[in-house]
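# What the coordinates show
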Amino acid sequence: MTIRLPGAGGTLRTYEPRTEPLAVTPGTPFTSRTVFSAAHVVADPFADVSPDSPAAVDWDATLAFRRHLWSHGLGVAEAMDTAQRGMGLDWAGAAELIRRSAAEAKSVGGRIACGVGTDQIASGSLAEVRAAYEEQLALVEESGAQAILMASRALAAAASGPEDYLEVYGHLLRQAAEPVVLHWLGPMFDPALEGYWGSADLDAATDTFLDVIAAHPDKVDGIKVSLLDAQREIDIRRRLPKGVRCYTGDDFNYPELIAGDEQGFSHALLGIFDPLGPLAAQAVRALDTGDTQGFRELLDPTVGLSRHLFQTPTRFYKTGVVFLAWLAGHQSHFTMVGGLQSARSLPHFATAYELADGLGLFPDPKLAEERMKTLLSVYGVNQ
């Protein structure tokens, strides 16, 4: 079994795939950490749509992938950035996704939290931003899922300073029925979120973020920090009120942040745990037994793949996630809502395949090899 993979400049290299996947088995939820995988959506490849049409979703395949994650003990973070919110999936599609996934979670006993944003409006006044958040919060709460208050492009555009963030988030937290997760998504994931919390100075923005939490600690289950800055996350984690959790969203430094230090640790809400689900679950179970070394030995080697998928421009990491789901057999095609399967290059795909195969992520390595060769042939690389 060999495959010729392309590199930069049109060169080809010979790669010998693994013959056996990493041995993992489904299991029960974890005891030492709360872990969510932000899950992707599966497009309907037979729908006659264009990249700017409303998303056509294959609901059966999308829900089957969530059952796969639940079977390994992971929670599902639904309708988040990984599900292409604002990048192919509009609010109508996200609302349907939330309803269906929450019902599925209830039927199988899976844990679910869902993104609450303002993407039903492109822009608006602070009052309109508030109303958009309220509409989405009501739907998530009615579905029975936990709410994740996501960063809002419309709020970033409408706010004139930190006081507007304090007012909007304070209003939402006061009316939330149950404690929520606050999500700080950095501009590397979405350039429209530059200067969130009222300042481009991250120290000042951090202070405002923490002020929101300090004013409503009983309404904040935790925070998700997606800034790809491990030290800043640790600093924020150490300043949180007692009982408020930190869910790492750092797809570059997650092993060390989840393992923690003498002053605490992070839980996880990660897009990279979509392709890494079974392996990540096995690693966290090692941590459940107190085996930090075993946890790191399993998870540290995955960082190279994650850094590759999340390389600049980071917001296109979803393309690599869906590509690996196709190679792993979780869906029958490599098509994405919004046409985003075209957002990464052939050399990028080749490296992603090689790194994922080296980790043993493909349940059927032969299938992954055949599908990779099919993609290569479309690009004119014959084996």
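Everything below is about the structure shown above.
### What to know about unusual backbone geometry
Along the chain, Thr 312 connects to Pro 313 via a cis peptide bond; the corresponding omega equals -5 degrees. With respect to the helices and strands, Pro 313 occurs in the loop between α11 (303-309) and α12 (317-327). Phi at Ala 79 is positive, roughly 55 degrees, even though this residue is not glycine. Tracing the sequence through the fold places Ala 79 in the loop between β4 (75-78) and α2 (91-108). Positive phi, close to 70 degrees, is recorded for Trp 197, a residue that is not glycine. Relative to the elements of secondary structure, Trp 197 occurs in the loop between β7 (180-185) and α6 (202-215). On the accessibility criterion, Trp 197 (0% relative accessible area) is buried.

### Considerations on the packing of helix α9 (residues 277-288) against helix α10 (residues 292-299)
Interaxial distance between α9 and α10 falls to 7 Å at its minimum, and their mutual angle equals 165 degrees. By the criterion of interaxial angle, the relationship of α9 to α10 is roughly antiparallel. Remark: the crossing between α9 and α10 carries left-handed chirality. Residues Leu 279, Ala 280, Gln 282, Ala 283, Val 284, Ala 286 and Leu 287 of α9 form the contact with α10, whose own contacting residues are Thr 292, Gly 294, Phe 295, Leu 298 and Leu 299.

### Things to note about the environment of Ala 61
Tracing the sequence through the fold places Ala 61 in helix α1 (residues 59-71). Along the sequence, Ala 61 and Leu 210 sit 149 residues apart, while their C-alpha atoms lie 39 Å from each other.

### A few points about the pattern of salt bridges
Note that side chains of opposite charge can pair when their charged atoms are close. Enumeration over the complete set of coordinates arrives at 18 salt bridges. Between Arg 67 and Glu 104 there is a salt bridge, and its shortest N-O distance comes to 2.8 Å. One end of the pair, Arg 67, is in helix α1; the other, Glu 104, is in helix α2, with 37 residues separating them in the sequence. Arg 67 sits in the partly exposed class, given a relative accessible area of 36%. The residue Glu 369 makes a salt bridge to Lys 366 at a minimum N-O spacing of 3.6 Å. With Glu 369 and Lys 366 both in helix α14 (residues 365-378) and 3 residues apart, the pair spans about one turn of that helix. Judged by its relative accessible area of 1%, Glu 369 is buried. Within the structure, one salt-bridge network assembled from shared partners comprises Glu 96, Arg 99 and Arg 100.

### A closer look at the side chain of Arg 371
Here Arg 371 shows up in helix α14. We note that Arg 371 is buried and unpaired, the nearest opposite charge coming from Glu 370 at a distance of 7.0 Å. In terms of polar contacts, Arg 371 uses its side chain to reach the backbone carbonyl oxygen of Gln 331, at 2.9 Å. Contact partners of Arg 371, with chain neighbours within four places excluded, come to Trp 326, Leu 327, Gly 329, Gln 331 and Ser 332.

### Side note on the sheet that holds strand β8 (residues 220-226)
Reading around the circumference, β3-β4-β5-β6-β7-β8-β9-β10 is the order of the 8 strands in this closed barrel, with parallel pairing throughout. Neighbour-to-neighbour, the strand axes of the sheet open up by a mean angle of 25 degrees, direction not taken into account. Direction of pairing for strand β3 (residues 35-38) relative to strand β10 (residues 267-270): parallel, over a ladder of 3 bridges. In the strand pairing of β10, Ser 37 is matched with Leu 270. Of the strands in this sheet, β4 and β5 (112-116) touch α2, which is tilted by about 165 degrees from β5.

### Considering the side chain of Ser 143
Position of Ser 143 relative to the elements: it lies in helix α3 (residues 126-143). Since its relative accessible area comes to 15%, Ser 143 is described here as buried. Separated by 2.6 Å, the side chain of Ser 143 and the backbone oxygen of Val 140 make a polar contact. With near-sequence residues (within four places) excluded, Ser 143 lies in contact with Ile 98, Ala 102 and Lys 106.

### Some words on α1
In this model, α1 (13 residues) spans 18 Å end to end at C-alpha, consistent with the 18 Å of a helix rising 1.5 Å per residue. Of the residues making up α1, those classed as buried are Trp 59, Ala 61, Thr 62, Leu 63, Phe 65, Arg 66, His 68, Leu 69 and Trp 70. For α1, the elements touching its buried residues are β3, β4, α2, β5 and α9. A side-chain oxygen of the first residue of α1 lies 3.3 Å from the backbone nitrogen of Asp 60; this N-cap is Asp 58. One or two steps after α1, the chain reaches Gly 73, where phi turns positive at roughly 90 degrees.

### Quick look at the packing of helix α5 (residues 162-175) against α6
For the pair α5 and α6, interaxial distance at closest approach is 10 Å and the crossing angle is 25 degrees. With respect to α6, the element α5 is oriented roughly parallel. Where α5 crosses over α6, the handedness of that crossing is right-handed. Here Pro 162, Leu 166, Tyr 169 and Leu 173 of α5 lie close against α6, whose contacting residues are Thr 208, Asp 211 and Val 212. When grouped by side-chain class, the residues that make up the contact of α5 with α6 number 5 nonpolar, 1 polar and 1 charged.

Rules used in this analysis
- Residues numbered from 1 in each chain as written.
- Predicted model: local features only at pLDDT ≥ 70, side-chain atom pairs only at ≥ 80, totals over all residues.
- Heavy atoms only, no water.
- Helix = DSSP H or I, 4+ residues; strand = E, 2+ residues; numbered from the N terminus.
- Buried < 20%, exposed > 50% of the residue type's maximum accessible area, 1.4 Å probe, protein only.
- Axes fitted to C-alpha atoms, helices over the stretch in contact; angles between N-to-C directions.
- Parallel < 35°, antiparallel > 145°, perpendicular 65-115°, else oblique.
- Left-handed = near helix turned anticlockwise from the far one by under 90°.
- Contact = heavy atoms within 4.5 Å.
- Salt bridge = Lys/Arg side-chain N within 4 Å of Asp/Glu carboxyl O.
- Lys, Arg positive; Asp, Glu negative; His and termini not counted.
- Polar contact = N/O pair within 3.5 Å; in protein donor to acceptor, adjacent residues only side chain to side chain.
- Pairing = 2+ DSSP bridges.
- Expected span 1.5 Å × (residues − 1).
- Nonpolar A, V, L, I, M, F, W, Y, C, P; charged D, E, K, R; others polar.

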